[in-house]
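Observations on the model geometry
Listed below, chain by chain, are the residues.
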Amino acid sequence: MQKITLLCVGKPADFYAAGIREYEKRLGPLCRFTAKELAEEPLQGKNVSEAQVAAALRREGERILGSLPKKSRLVALCVEGRQMDSEGFEKLLSSCAMEGTGELVFAIGSSHGLSREVKERAERLLSLSAMTLPHQLARLFLTEQIYRAFQIRAGGKYHK
């Protein structure tokens, strides 16, 4: 059974969390799905400098990289990543499962994104949309797309 992990910086608001829990429940029989929340670096004040943001991203990135299972394949969600449709995403998940090269891990950063180090470690950079999404909504969106990919693979009626 394919193992998929989401490494997410920060906790989702309750209205996102309810949807995330629903898709996590639906994924239970389809794969070994885990979401791990990592602490978001606090940034104080209204006038946060670029250096403060960079330092926070570096610390968050260290936590992400330190949480990666051995022999995992990392996909980093970021604005400069490649977009794909749901069928293409299903092919990505299927190819990772067929290669059997370990756990597939998706990293979602904080509202400031991901560190350069995480992006460099990633095998693939993925963008969910050309539009800007809150990182908490990205987590719900990605969880739903993982579920959709399994439904596409199974020929289910969920994907129309």
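Notes on the structure follow. (Residues numbered from 1 in each chain as written. Predicted model: local features only at pLDDT ≥ 70, side-chain atom pairs only at ≥ 80, totals over all residues. Heavy atoms only, no water.)

Focus: the overall build of the protein
Using the following cut-off: Each helix is a run of H or I in the DSSP string that is no shorter than four residues. Each strand is a run of E no shorter than two, and both are numbered from the N terminus. Only C-alpha atoms enter the radius of gyration, while the globule expectation follows 2.2 Å times N to the 0.38, with N the number of residues. The criterion used for residue contact is that any of the two residues' heavy atoms lie within 4.5 Å.
For the protein, the count of helices and strands is five helices and five strands. In sequence order, the secondary structure elements of the protein are arranged as β-α-β-α-β-α-β-α-β-α. For a compact globule of 160 residues, the expected C-alpha radius of gyration is about 15 Å, and the protein comes in at 16 Å, within 12% of that figure. In terms of overall dimensions, the protein has C-alpha extents of about 50 × 35 × 25 Å along its principal axes. Sequence-distant contacts, at least 24 apart, represent 86% of the contacts inside the protein between residues at least 6 apart.

So, the packing of helix H3 (residues 86-99) against helix H5 (residues 135-154)
Put simply, the test is: Angular values range over 0 to 180 degrees, each being the angle between N-to-C directions of two axes fitted as lines to C-alpha atoms, with helices fitted over their stretch in contact. Under this scheme an angle from 65 to 115 degrees is roughly perpendicular, one under 35 degrees roughly parallel, and one over 145 degrees roughly antiparallel; angles in between are oblique.
Two elements in contact, H3 and H5, have axes separated by 9 Å at closest approach and are oriented at 80°. When the axis of H3 is compared with that of H5, the two are roughly perpendicular. Between H3 and H5, the residues in contact are Ser86, Glu87, Phe89, Glu90, Leu93 and Ser94 and Leu142, Gln145, Ile146, Arg148, Ala149, Phe150, Ile152 and Arg153, respectively.

Describing helix H2 (residues 50-67)
An α-helix turns once every 3.6 residues. As a result, residues three or four positions apart point the same way. Condition: To estimate the expected span of a helix, subtract one from its residue number and multiply by 1.5 Å. The buried label applies to any residue whose accessible area, calculated with a 1.4 Å probe on protein chains only, is under 20% of its type's maximum; exposed applies above 50%, and partly exposed to all values in between.
With 18 residues, H2 should cover 26 Å at 1.5 Å per step; its first-to-last C-alpha distance of 26 Å lies within 8% of that length. Listed as buried for H2 are Val53, Ala55, Ala56, Leu57, Glu60, Gly61, Ile64 and Ser67. Tucked inside the fold, the buried residues of H2 contact strand E1 (3-9), strand E2 (32-38), strand E4 (104-108) and helix H4 (116-121).

Here's the deal with the sheet that holds strand E5 (residues 124-126)
Inclusion rule: The pairing criterion is simple: DSSP has to find at least two bridges between the two strands.
In space, the five strands of this open sheet follow the order E2-E1-E4-E3-E5, with parallel pairing throughout. Whereas interior strands pair on both sides, the edge strands pair on one side only; in this sheet they are E2 and E5. Strand-to-strand twist of the sheet, defined as the mean angle between neighbouring strand axes without regard to direction, takes the value 30°. Of the pairings in the sheet, the one linking E1 to E2 comprises seven bridges and is parallel in character. Bridging from a neighbouring strand, Cys8 pairs with Glu37 of E2. Relative to the sheet, H3 contacts E1, strand E3 (73-82), E4 and E5, its axis offset from that of E4 by approximately 135°.

Considerations on the pattern of salt bridges
Put simply, the rule reads: Each salt bridge in this description consists of a side-chain nitrogen of Lys or Arg and a carboxyl oxygen of Asp or Glu lying within 4 Å of one another.
Counted according to the given criterion, the structure contains 14 salt bridges. Residue Lys25 pairs with Glu22 through a salt bridge whose shortest N-O separation is 3.4 Å. Of the two residues, Lys25 and Glu22 both sit in helix H1 (residues 14-27), three residues apart, roughly one turn of that helix. Note that Glu37 and Arg139 form a salt bridge whose closest N and O atoms lie 2.8 Å from each other.

Treat this as a map of the structure, not an account of what it does.
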